[in-house]
Amino acid sequence: MLLIGAGLAVRSLVKLADVDPGFTPEHVLTMGINLNWSKYTKNEDRRAAGRRLLEQAESVPGVLSAAVSSSFPLDPDNIAMYNSMGPMPQNFWIEGQPVRPEEVPPLSAVRACSPDYFKTLGIPVLEGRDFAASDDAEAMQVAIVNKSLARHRFNGDNVIGRRVSFDQGKTWTTIVGMVGDTREFGLDKNPVDTIYVPVEQNPAVGSLLVRTNADPAALVGLIRRAIWDFDSQTALTNVETLEQARSDTLKSPRLTASLLGLFGVLALIIAATGIGGMLALSVNQRINEIGIRLALGAKPADVSRMVIG
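Residues numbered from 1 in each chain as written. Predicted model: local features only at pLDDT ≥ 70, side-chain atom pairs only at ≥ 80, totals over all residues. Heavy atoms only, no water.

Enquirer: Pulling in residues and values, what's your account of the pattern of salt bridges?
Expert: As enumerated under the stated definition, the model contains 13 salt bridges in all. Across the pair E44 and R47 runs a salt bridge, and its minimum N-O distance is 3.6 Å. Remark: R47 and E44 occur in helix 2 (residues 43-58); sequence separation between them is 3 residues, near one turn of the helix. Residue E44 is classed as partly exposed on the basis of its relative accessible area, which comes to 42%. Among the salt bridges present, the one from E95 reaches R163, with a minimum N-O distance of 2.8 Å. Highlighted residues: E95 in the loop between strand 4 (93-94) and strand 5 (107-113) and R163 in strand 8 (residues 163-165), separated in sequence by 68 residues. Among the residues examined, R163 registers a relative accessible area of 29% and is labelled partly exposed. Put simply, E44, R47, R51 and E200 are held in one network by salt bridges that share partners. (Salt bridge = Lys/Arg side-chain N within 4 Å of Asp/Glu carboxyl O. Helix = DSSP H or I, 4+ residues; strand = E, 2+ residues; numbered from the N terminus. Buried < 20%, exposed > 50% of the residue type's maximum accessible area, 1.4 Å probe, protein only.)

Enquirer: Which residues make up the packing of helix 2 against helix 6 (residues 220-230), and what values go with them?
Expert: When two helices pack together, their arrangement is given by the angle between the helix axes and the distance between those axes. Closest axis-to-axis distance for the helix 2/helix 6 pair is 9 Å, and the angle between their directions is 140 degrees. One element, helix 2, and the other, helix 6, form an angle in the oblique class. Taken as a pair, helix 2 and helix 6 cross one another with a handedness that is right-handed. Across the interface between the two elements, A49, R52, L53 and Q56 of helix 2 pack against A226, I227, D229 and F230 of helix 6. Across the contact of helix 2 with helix 6, the residue classes tally to 5 nonpolar, 1 polar and 2 charged. (Axes fitted to C-alpha atoms, helices over the stretch in contact; angles between N-to-C directions. Parallel < 35°, antiparallel > 145°, perpendicular 65-115°, else oblique. Left-handed = near helix turned anticlockwise from the far one by under 90°. Contact = heavy atoms within 4.5 Å. Nonpolar A, V, L, I, M, F, W, Y, C, P; charged D, E, K, R; others polar.)

Enquirer: A description of helix 1 (residues 2-17) should follow, citing residues and the corresponding values.
Expert: Its 16 residues place the ends of helix 1 22 Å apart at the C-alpha level, agreeing with the 22 Å of an ideal helix rising 1.5 Å per residue. Turning to helix 1, its buried residues number three or more, namely A6, A9, L13 and L16. Along the axis of helix 1, the buried positions cluster into a sector of 90 degrees, meaning they face one direction only. More than 90 degrees from the buried face of helix 1, the exposed residues found are I4, R11 and K15. Tucked inside the fold, the buried residues of helix 1 contact helix 8 (251-285). (Expected span 1.5 Å × (residues − 1). Arc of directions from axis to C-beta.)

Enquirer: Could you give an account of the environment of S108, naming the residues involved and the relevant values?
Expert: As for its placement among the helices and strands, S108 is situated in strand 5. Residue classification places S108 among the buried residues on the basis of a relative accessible area of 1%. For the pair formed by S108 and L255, sequence separation is 147 residues and the distance between their alpha carbons is 32 Å. Leave out the neighbours within four places in its chain, and S108 touches P89, Q90, F92, L149, D193, T194 and I195. Among the polar contacts listed, one links the side chain of S108 to the backbone nitrogen of I195, at a separation of 3.3 Å. (Polar contact = N/O pair within 3.5 Å; in protein donor to acceptor, adjacent residues only side chain to side chain.)

Enquirer: I'd like a rundown of the packing of helix 1 against helix 8, residues and numbers included.
Expert: Two elements in contact, helix 1 and helix 8, have axes separated by 8 Å at closest approach and are oriented at 155 degrees. In terms of orientation, helix 1 lies roughly antiparallel with respect to helix 8. Crossing angle aside, the handedness with which helix 1 passes helix 8 is left-handed. Where helix 1 abuts helix 8, its residues L2, L3, G5, A6, A9, V10, L13 and L16 lie against P253, R254, A257, L260, G261, F263, G264, V265, A267 and L268. When grouped by side-chain class, the residues that make up the contact of helix 1 with helix 8 number 14 nonpolar, 3 polar and 1 charged.

Enquirer: Give a description of the nonpolar core that names residues and reports values.
Expert: Here is a general trend for soluble globular proteins: nonpolar side chains tend to be buried in one another's company. If you look at the biggest cluster of nonpolar residues, it comprises 38 residues, and the most contacted ones within it are I33, L208 and I223. At 5 residues, the largest contribution of residues to this core is made by helix 6. Setting aside chain neighbours within four positions, we find I223 in contact with L29, M31, V60, L208 and V210. Counting 20 residues, the second-largest nonpolar core is a separate cluster that includes F72, L74, Y117 and I123. (Core = buried A, V, L, I, M, F, W, Y, C linked by side-chain atoms within 4.5 Å.)

Enquirer: How would you explain helix 3 (residues 76-85) if you had to name every residue and give the values?
Expert: Helical periodicity: at 3.6 residues per turn, an α-helix aligns residues three or four positions apart in one direction. A side-chain oxygen of the first residue of helix 3 lies 3.1 Å from the backbone nitrogen of D77; this N-cap is D75. Two residues or fewer past helix 3, G86 is found with a positive phi of approximately 80 degrees.

So this is what it looks like as structure tokens:
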């Protein structure tokens, strides 16, 4: 039974490793950004800090693209919060779909990100457009939704041009694009409904993502130095490649499979030892019979087949 359990666990692990996360983790470096909030008290200060962080990261040789965001798929901090408190979505209202007082408005995860966020992570833009530099604080409020939300809240219809609100209709945000689904909280978790907003319109700078043309781990020192050249008081946390973050999500099932496999092998050795002992006892009790069989012309191979059978 242990061996069967180990086989099922290994099979599940292999299938989990083959799951499409919805993004391309190769050659992507991720890190948490903790700004000194006593210095960046205003939204404009945070917007400027986000722009400077991008400029510093993009100036490092070997960097193909960079993005800042409030978070990213498989963010260790997000996964830890999800495991302890569950998802923490935000209510939103859809224009033309009134919510009765007794009903709960739709829920969605909300992520702020810069224009190159989807390009850096390799998330496909399925309809509409990506964010642009013109989507700033003075421009019309815009958003991009993932395919899951479009399917659940708009019945898969064209979402471009539809409007949503996060303050019960006081202000409206226009949907300008739809992107593919990503597994935010683990490869074994289904994609969640997500609304993306421009970081210039919602200045929540919490992460830096960098796509490189070589091993991203080799650029950690250069990128760290470039960020500290901008602000030496910026704290960097969870600095790792996205491939490592993806591998970390498999730690628990990998440990389960390893333990079940170890105990299964031990159980197999114990069972084989027990069977060998019983076989030896059986042969010892039939020594006289086996001797007579050999004396009457039985071949050793015949005796072996009889005993093993």
